[in-house]
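# Observations on the three-dimensional arrangement
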Amino acid sequence: MSLPRPGHTLESAIDAVLESYQGPAAINNLKSAMLPNKQAVIAAYEHLKPVLFIGFYSSRTLRPDNLRSCVSAHLYPAHELLTDQLGRVLSYEASIGRSEADCPQRAEEIVLRLFGKLPAIRHALEADCHAAFEGDPAARSIEEVILSYPAVEAIMAHRVAHVLYSEGVPMIPRIISEYAHERTGIDIHPGAKIGPGFFIDHGTGVVIGETTVIGRKVKLYQGVTLGALSVKRCDDVDGRPRQRHPTIEDDVTIYAGATILGGETVIGAGSVIGGNTWLIRSVPPGSKVYGNKSE
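The structure contained in this document is the topic of the report that follows.

Moving on: the overall build of the protein chain. A tally of helices and strands in the protein chain yields nine helices and 15 strands. Reported as C-alpha extents along the three principal axes, the dimensions of the protein chain are approximately 75 × 55 × 55 Å. Counting the 295 residues in the protein chain, one finds 42% classified as buried. In the protein chain, the proportion of contacts linking residues at least 24 apart, taken out of those at least 6 apart, comes to 48%. If you sum the accessible surface of the protein chain, you get close to 16,200 Å²; carbon and sulfur atoms cover 55% of it.

Right under this line is the structure:
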């Protein structure tokens, strides 16, 4: 067994690490110990998934008379976890002067408003699942779609994260969206506004930017990017990010590999955008765009 060289000891390594913490570098921020715990946020979200699709995640027989207890068994721990993690992130933001001091009740108020919107989220997910079944000839049943389609996983996470984003919650919406991104290969920023009946076929490599607006019954294929023309940071408008990403109106289909960029770009209702198309301009309703040609 080789001996450590003179001067290279565990204690000297510890001293060197401690020395690296001196200075103003962002990763030296010791207050970051107050930040939310990613695993706790994910655990809270994992309790919300069965609430949204209780029959598809339950390990016990469900009946009308035990449904309340089954839902409660998930919402109580989700409430405790989320309230704690929101309290942490709100306190952290106030402690570094990035927001005004927060009252302790705000975290719970936000969580309860999220829970109050779960029925509306379920309604939108119902439309999303039907869009997947009707839009994919390979789908054999709604049950197959819910249990196995990555798009359902990604959209479910987005619809929860978007409520928290809309409440102005920092970091936690992005933790939820990136958890879904890691599991599905579909990257949807929690700020994107997405109407019901949304379907992503296959899904791998889809990117939807923060200020994207998507209407009802829109269908995307793999590799679609709804992005910005510039990556420069823009000034907010009334406390919200300036629109940098496109607007996709109702009943639009965008095929694989298409890239649509820019906050002023609007894809009119009922349009079809062909595969590998690059668009930085608006097209009127009912357009058919293939490559650089439109009809």
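Tracing the chain through its elements places Thr247 in strand β8 (residues 247–248). The residues contacting Thr247, other than those within four sequence positions of it, are Val213, Thr265, Val266 and Ile267.

If you walk across this open sheet you meet the four strands as β2-β5-β8-β11, and the pairing is parallel. This sheet does not close on itself; its edge strands, each paired only once, are β2 (193–194) and β11 (266–267).

All right, on to the packing of aromatic side chains then. Counted under the stated rule, the structure contains three aromatic pairs. On the numbers, 6.2 Å between centres and 90 degrees between planes, the contact of Phe53 with Phe56 is edge-to-face. Using a relative accessible area of 8% as the deciding quantity, one classes Phe53 as buried. Judged by centre distance (4.8 Å) and plane angle (15 degrees), the ring pair of Tyr221 and Tyr255 falls under stacked. Of this pair, Tyr221 sits in the loop between β6 (219–220) and β7 (225–227) while Tyr255 sits in the loop between β9 (253–254) and β10 (259–261); the two residues are 34 residues apart in sequence, bridging distant segments of the chain. A relative accessible area of 16% places Tyr221 in the buried class. The class of Tyr255 is partly exposed, set by a relative accessible area of 35%.

With respect to topology, five strands assemble into an open sheet ordered β1-β4-β7-β10-β13, the strand pairing being parallel. Every interior strand has two partners, whereas the edge strands, β1 (187–188) and β13 (278–279), have only one. Relative to β10, β7 runs parallel, the two being bridged by three bridges. From the neighbouring strand, Leu226 faces β10, where its bridge partner is Ile260.

On inspection of all chains with the given rule, the structure shows nine salt bridges. The partner of Arg98 in a salt bridge is Glu93, with the nearest N and O atoms 2.9 Å apart. When its relative accessible area of 7% is taken as the criterion, Glu93 is described as buried. The network of salt bridges with common partners includes Glu46, Lys49, Glu153 and Arg183.

This next bit is on helix α5 (residues 105–116). An ideal rise of 1.5 Å per residue puts 16 Å on 12 residues; α5 measures up with 16 Å between its terminal C-alpha atoms. Within the span of α5, buried status applies to Ala107, Ile110, Val111, Leu114 and Phe115. On an axial view of α5, the arc spanned by its buried residues comes to 140 degrees, and they lie on one face. Contacts from the buried residues of α5 go to α2 (38–52), α4 (67–95), α6 (118–135) and α8 (150–166).

What follows covers the layout of surface pockets. Size it by volume and the second largest pocket reaches roughly 230 Å³. If you go around the second largest pocket, you meet 13 residues; those closest to its centre are Tyr165, Gly191, Lys193, Arg240 and Pro241. Here the element with the most residues in the lining of the second largest pocket is α8; it accounts for three residues. The residue inventory of the lining of the second largest pocket, partitioned by class, reads three nonpolar, six polar and four charged.

Structurally, Pro50 can be placed in helix α2. Accessibility expressed as a relative area gives 6% for Pro50, which makes it buried. In the structure, Pro50 is positioned 109 residues away from Arg159 in sequence and 14 Å away in space, judged by C-alpha atoms. When neighbours within four sequence positions are excluded, Pro50 is seen to be in contact with Tyr57 and His74.

Interhelical geometry of α2 versus α6 gives an angle of 65 degrees and a closest axis separation of 10 Å. One element, α2, and the other, α6, form an angle in the roughly perpendicular class. Taken as a pair, α2 and α6 cross one another with a handedness that is right-handed. In this structure, α2 contributes Leu48, Val51 and Leu52 to the contact, and α6 contributes Leu118, Ile121, Arg122 and Leu125. Here the contact of α2 with α6 is composed, by residue class, of six nonpolar, no polar and one charged.

Thresholds, definitions, all that
Residues numbered from 1 in each chain as written. Predicted model: local features only at pLDDT ≥ 70, side-chain atom pairs only at ≥ 80, totals over all residues. Heavy atoms only, no water. Helix = DSSP H or I, 4+ residues; strand = E, 2+ residues; numbered from the N terminus. Buried < 20%, exposed > 50% of the residue type's maximum accessible area, 1.4 Å probe, protein only. Contact = heavy atoms within 4.5 Å. Areas by Shrake-Rupley, 256 points an atom, 1.4 Å probe, with all protein chains shown as cover. Pairing = 2+ DSSP bridges. Phe/Tyr/Trp six-rings, centres within 6.5 Å; stacked < 30°, edge-to-face > 60°. Salt bridge = Lys/Arg side-chain N within 4 Å of Asp/Glu carboxyl O. Expected span 1.5 Å × (residues − 1). Arc of directions from axis to C-beta. 1 Å grid on protein atoms, 1.4 Å probe; cavity = no way out; pocket = protein on both sides within 12 Å on 5 of 7 lines; lining within 4 Å. Points joined across faces, edges and corners; volume = space filled by probe spheres on them. Nonpolar A, V, L, I, M, F, W, Y, C, P; charged D, E, K, R; others polar. Axes fitted to C-alpha atoms, helices over the stretch in contact; angles between N-to-C directions. Parallel < 35°, antiparallel > 145°, perpendicular 65-115°, else oblique. Left-handed = near helix turned anticlockwise from the far one by under 90°.

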